[in-house]
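# A structural walkthrough
These are the residues of each chain, in order.
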Amino acid sequence: MPAVKRIGHTMCRRSTMKVVEDEISPELRRPWPEDEDPGASSLAAALSSFYNRWTYSYMNEIFAKGALQKKDRTVQLTQDDLFMTPELNEATRLNERFWVCYEETNRNFARTLWLLSKPTFIPAGVCQLFSLTAQLIIPLLVRKLLQAAEKFSGVGNIIDDTKYYVLGIFLLSMTNALCTHRYQLLSYQTGIVIRTAVACAVYEHSLKLSPKGREGLTSGNVTNLVATDTQKLFEVFQQGHMIWAAPLGISIVVVILFVLIGPSSFVGAAILIGLVPLSKQVVHVIVRIRRKRVAVADERIEIINAMLQHIKVTKLNNYEDRFETRVREARAREMALIRKEQIVWGFTMVIRVFTPVVASFATYTTYVLVDEGNLMTASTVFTIALLL
């Protein structure tokens, strides 16, 4: 994308945004709570800000009013009840940041996306790491707790023997819950930032293309770039940390299972690892179907645009029925591909749900059959189940 001057467009966008904000009474709209910096005002304010960020208690008022409107018809949620868009997520700022980063990286698109995503994507990764650590330690503490219960013979106080395990499980469960939800929020914010910035950049650039630059570029292509491709970028950044978290988690689980039950653990691990090439093939199938669907969607949008751009000719020659037939035919082919894609995606969901069950069953069976001395105790069963 060539460098362009955006002063006039920026002023126009800002003035438009100001008009919109004036229409919705900005003085009644509250800023996004996480944009508020307590600074050095007081320790209580800092603790309150920390509590709000990790528990999202600032949403309670909106949920309460939303629940109340079901009982009282006079109470209605309005736009003024909602928070303003976070400052860093405003379309105008994201568009400006995109072009600045694009020039700083010598027009490297991938590095531009990385610079835009860093403020939220890296903290999301830290939260994912803490969450993964808690998820792996909890089964070990459960094992210790159950072993203590199995060894208890009625002599002594079992509470003294197990209270630290229970406390550890509770604290790690809280850590896992808080970090998981924070990771999801930050990942969603990262995806929203990328989707908004790229959509604005594509739209602005398409308006400034020369006639030569528009050769071979249809409005359907632009629409798919803004609507479909940016959504895929959102999904990538939403699940991006699974690239390292999933292999790391599987590797640690295999090591822990090998220490606990020996070589029998490799059976369950093989089933989990065997899912990787299958998933890869399924993704290839989905990509092929999606490419066909995008081509059909381009065709449908081009038909609609041709009709609208030449609406006078369409009306004078009574071409409405012909255009409607062509649009319906294209939409029918598009829906057939969408159904096919969803069926394949549903197949992956079935595999994802049943794989841990099959892996657990195979591990239990192998562990019992390889040696008569291997007994399925509660500590062993629940530890394997939690790990897999």
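Calculation notes
Residues numbered from 1 in each chain as written. Predicted model: local features only at pLDDT ≥ 70, side-chain atom pairs only at ≥ 80, totals over all residues. Heavy atoms only, no water. Salt bridge = Lys/Arg side-chain N within 4 Å of Asp/Glu carboxyl O. Buried < 20%, exposed > 50% of the residue type's maximum accessible area, 1.4 Å probe, protein only. Helix = DSSP H or I, 4+ residues; strand = E, 2+ residues; numbered from the N terminus. Expected span 1.5 Å × (residues − 1). Bend = angle between axes of the 7 residues up to and from the residue. Polar contact = N/O pair within 3.5 Å; in protein donor to acceptor, adjacent residues only side chain to side chain. Patch = residues over 30% accessible without salt bridge, like charges linked within 9 Å, V, L, I, M, F, W, Y side chains within 5 Å. Areas by Shrake-Rupley, 256 points an atom, 1.4 Å probe, with all protein chains shown as cover. Core = buried A, V, L, I, M, F, W, Y, C linked by side-chain atoms within 4.5 Å. pLDDT = per-residue confidence, 0-100. Contact = heavy atoms within 4.5 Å.

## Let's talk about the pattern of salt bridges
- Counting across every chain of the model gives twelve salt bridges.
- For glutamate 90, the salt bridge goes to arginine 93, with nearest N and O atoms at 3.5 Å.
- Arginine 93 sits in the partly exposed class, given a relative accessible area of 39%.
- A salt bridge links arginine 293 to glutamate 341, with the shortest nitrogen-to-oxygen separation between them at 3.0 Å. A residue pair is termed long-range when its members are at least 10 positions apart, and arginine 293 in helix 9 (residues 265-309) and glutamate 341 in helix 11 (residues 320-370) qualify at 48 residues.
- Overall, glutamate 341 belongs to the buried group, its relative accessible area being 6%.
- One salt-bridge network, in which partners are shared between bridges, spans Arg290, Arg293 and Glu341.

## As for helix 5 (residues 109-151)
- End to end, helix 5 covers 60 Å across 43 residues, agreeing with the expected 63 Å (1.5 Å per residue, within 8%).
- Remark: the principal bend of helix 5, roughly 70°, maps to lysine 118, with a proline, proline 119, within the next four residues.
- Of the residues that open helix 5, the one with a side-chain oxygen 3.1 Å from the backbone nitrogen of alanine 110 is asparagine 108.

## Considerations on a nonpolar patch on the surface
- A cluster of nonpolar side chains, contributed by Leu167, Phe170, Leu171, Met174 and Leu178, occupies part of the molecular surface with about 460 Å² of accessible area.
- Along the polypeptide, phenylalanine 170 turns up in helix 6 (residues 158-207).

## Looking at the nonpolar core
- Phe98, Leu116, Ile194 and Val198 are the most contacted members of the largest nonpolar core, which has 15 residues in total.
- When contributions to this core are tallied by element, the ones reaching two or more residues are helix 4 (91-104), helix 5 and helix 6.
- Of the residues forming this core, the biggest block, six residues, is contributed by helix 6.
- In this structure, Leu136, Leu272, Tyr364 and Leu387 belong to the second largest nonpolar core, which totals 13 residues.

## Quick word on the confidence of the model for the chain
- Per-residue pLDDT for the chain has a mean of 81; in total, 89% of the residues score no lower than 70.
- The least confident element of the chain is helix 1 (residues 7-23), whose mean pLDDT is 40; the most confident is helix 5, at 91.
- Long-range and interchain partners of residues 1-26, a stretch whose pLDDT sits below 50, account for 31 contacts in this model, where long-range means more than four residues apart.

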